[in-house]
Amino acid sequence: MILQHTTPERAARPLRGGMTLIELMVSVAIMVIMIMGFGMIMNTSQKVVRTTQANIRSNAIAEAISRAIRYDLENIQKAGGYLCIRSSTDDSSSPMLFYTPDGGVPIHSVTHRSGGTSYLLAYGLTNNASDNITGINTAAYILLRQRWVRDTTGPSTPGPESDQWNFPAINSRGEFYTRIEEGLKPNTPDNWPDWRIGIPARNVNDVERSWQVLSTEVNGLSIMWYDGNEWYGIDCSDPDNGDPISGNSISAKRKPPTVRIDVENFTEPADPEPDTISDALAENSLFEFEIDSGDFPDGPTYLAMWGPSQGATLWPRAIRVSFRLIDPTLKEGEGGVRTRYYTYTSGGETKKVYYTRYEVVVGY
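First, a word on what this report is: a plain description of the structure on this page. (Residues numbered from 1 in each chain as written. Predicted model: local features only at pLDDT ≥ 70, side-chain atom pairs only at ≥ 80, totals over all residues. Heavy atoms only, no water.)

## Section: the pairing of strand β14 (residues 318-326)
Now for step 1: By the criterion of burial, β14 is predominantly enclosed, with 9 of the 9 residues buried.
Now for step 2: Burial of the side chains of β14 extends over both faces: Ala318, Arg320, Ser322, Arg324 and Ile326 are buried on one face and Ile319, Val321, Phe323 and Leu325 on the other.
Now for step 3: Bridging between strand β8 (residues 213-226) and β14 involves 7 bridges; their strand directions are antiparallel. Across the sheet, residue serine 222 finds its bridge partner in β14, namely serine 322.
Now for step 4: Sheet analysis places β14 next to strand β16 (residues 349-363), joined by 9 bridges and oriented antiparallel. Its bridge partner lying in β16, valine 321 is registered against valine 360. (Buried < 20%, exposed > 50% of the residue type's maximum accessible area, 1.4 Å probe, protein only. Helix = DSSP H or I, 4+ residues; strand = E, 2+ residues; numbered from the N terminus. Pairing = 2+ DSSP bridges.)

Here is the structure:
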């Protein structure tokens, strides 16, 4: 049997099996710094990912919208066609564009199997009926692209569920204006219960009307035309100029001399004096004018129209369509240098709306 003797000095010597308090505090501090740095890196990475995703999403939507607009603008022909840029008659007074070719172009319906040899194209903004239910993103409008096929089997008046329309042949700007007025029902408040579109769809009717919808996140629509020296038309590109949501306080730049239609003092060679805008448009010398709302209260405040009788010299050399694409997912500091925001007050609350502006220019 072996006995181990322990001296008093050896028994009193402490054993070091852990860390001192100072060492522990230093370790914890280093760990906290590392965690904070890692968190900052993750937060920055998430912002970069959100920004990239937002840019990809906005660019994809804008590319689809721009491709459709460019396709339609490139198909505008001076020979035999009719073109109109005007303000709408509702409270927003946002710009609208209408075009119809000479009738020799085969076109197919998207809502039916039949087709026709002409069409009436319309661009404009309208309210989203679903905003009243969901309350989401009320700063945005629906961008409509309506293309009614002139189909002999279609209805005699345009309807929201079909892109067929059996309208008469258009042989003058007055007849063209009449067709435009018939096609303006979606922008007439009295017809909204039947025409208004809800996205997301509220019912089967909204689904059937979706052929008109180009985008649901747009405002600030501007439509300008170029005469070779200057741009004219309706410009809503500045959100600080008037109401940035609806486009009120439009900057409408007219090509001088402006012809104001005044029934009592009509200066054009018209006999008798025009009772309607269609009558005034029968005068070939009128291609752009400002309408006196006292004479034609249901008419637009700005109207520029071109037809075959004017010749190619008066037609626009280029058309520019620009719009603001709203992205409700963006926050301040995200979206890159192209993303901006403006503020507006709704229900006593100040809100920020983030957007990116895009434009399409087509020359002739």
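Once the structure has been displayed, the description carries forward.
## A look at the side chain of arginine 147
Now for step 1: Position of arginine 147 relative to the elements: it lies in strand β6 (residues 141-150).
Now for step 2: For the buried arginine 147, no salt bridge exists, and the shortest N-O distance to an oppositely charged side chain is 5.2 Å, to aspartate 163.
Now for step 3: For arginine 147, the side chain forms a polar contact with the main-chain oxygen of histidine 108, separated by 3.3 Å.
Now for step 4: With near-sequence residues (within four places) excluded, arginine 147 lies in contact with Ile107, His108, Val110, Tyr119, Leu120, Leu121, Asp163 and Trp211. (Lys, Arg positive; Asp, Glu negative; His and termini not counted. Salt bridge = Lys/Arg side-chain N within 4 Å of Asp/Glu carboxyl O. Polar contact = N/O pair within 3.5 Å; in protein donor to acceptor, adjacent residues only side chain to side chain. Contact = heavy atoms within 4.5 Å.)

## Concerning the packing of aromatic side chains
The relation between two aromatic rings is expressed through the spacing of the ring centres and the mutual angle of the planes.
Now for step 1: Evaluation of the coordinates by the stated rule reveals 8 aromatic pairs.
Now for step 2: On the numbers, 5.6 Å between centres and 85° between planes, the contact of tryptophan 148 with tryptophan 165 is edge-to-face. One end of the pair, tryptophan 148, is in strand β6; the other, tryptophan 165, is in strand β7 (residues 164-165), and 17 residues separate them in sequence.
Now for step 3: What makes tryptophan 165 buried here is its relative accessible area of 0%.
Now for step 4: Among the aromatic residues, ring-to-ring pairing joins Trp148, Trp165 and Phe167 into one connected group.
Now for step 5: Between arginine 320 and the ring centre of tryptophan 231, over which it is positioned, the NZ or CZ distance is 4.4 Å.
Now for step 6: Above the face of the tyrosine 355 ring, arginine 324 is positioned so that its terminal group lies 5.5 Å from the ring centre. (Phe/Tyr/Trp six-rings, centres within 6.5 Å; stacked < 30°, edge-to-face > 60°. Lys NZ or Arg CZ within 6 Å of the ring centre and 35° of its normal.)

## What about unusual backbone geometry?
Now for step 1: The peptide bond linking isoleucine 199 to proline 200 adopts the cis configuration, its omega dihedral lying at 5°.
Now for step 2: Considering the arrangement of structural elements, one finds proline 200 in the loop between α5 (192-195) and α6 (204-208).

## Let's talk about the pairing of strand β13 (residues 303-306)
Now for step 1: Across the two faces of β13 the burial is the same, with Leu303 and Met305 and Ala304 and Trp306 all buried.
Now for step 2: Looking at chain direction, strand β1 (residues 82-87) and β13 are connected through 4 bridges and run antiparallel. Within the sheet, the bridge partner assigned to isoleucine 85 lies in β13 and is alanine 304.

## Some words on the environment of phenylalanine 176
Now for step 1: Tracing the sequence through the fold places phenylalanine 176 in helix α4 (residues 173-183).
Now for step 2: Looking at phenylalanine 176, the relative accessible area reads 0%, which means it is buried.
Now for step 3: Along the backbone, phenylalanine 176 and threonine 100 are 76 residues apart, and their C-alpha atoms lie at a distance of 8.2 Å.
Now for step 4: With residues up to four places along the chain from it excluded, the contact list for phenylalanine 176 reads Tyr82, Leu83, Cys84, Phe98, Tyr99, Thr100, Leu120, Ile170 and Met305.

## With respect to the nonpolar core
Now for step 1: Within the largest apolar cluster, 36 residues are counted, with the highest numbers of intra-cluster contacts made by Ile69, Leu73, Leu83, Leu97 and Phe323.
Now for step 2: Broken down by element, the residue count for this core peaks at 5 residues, all from helix α2 (residues 21-74).
Now for step 3: Beyond its immediate sequence surroundings of up to four residues, leucine 97 is in contact with Leu73, Leu83, Cys84, Ile85, Leu121, Ala122, Tyr123, Ile223 and Ile319.
Now for step 4: Counting residues in hydrophobic clusters, the runner-up holds 19 residues, among them Met96, Trp148, Ile277 and Leu281. (Core = buried A, V, L, I, M, F, W, Y, C linked by side-chain atoms within 4.5 Å.)

## Quick notes on the pattern of salt bridges
Now for step 1: Per the stated rule, a full pass over the model turns up 6 salt bridges.
Now for step 2: Note that arginine 67 and glutamate 63 form a salt bridge whose closest N and O atoms lie 3.5 Å from each other. Taken as a pair, arginine 67 and glutamate 63 lie in helix α2 at a separation of 4 residues, close to a single helical turn.
Now for step 3: Arginine 202 is paired through a salt bridge with aspartate 206; the nearest N and O atoms lie 2.7 Å apart.

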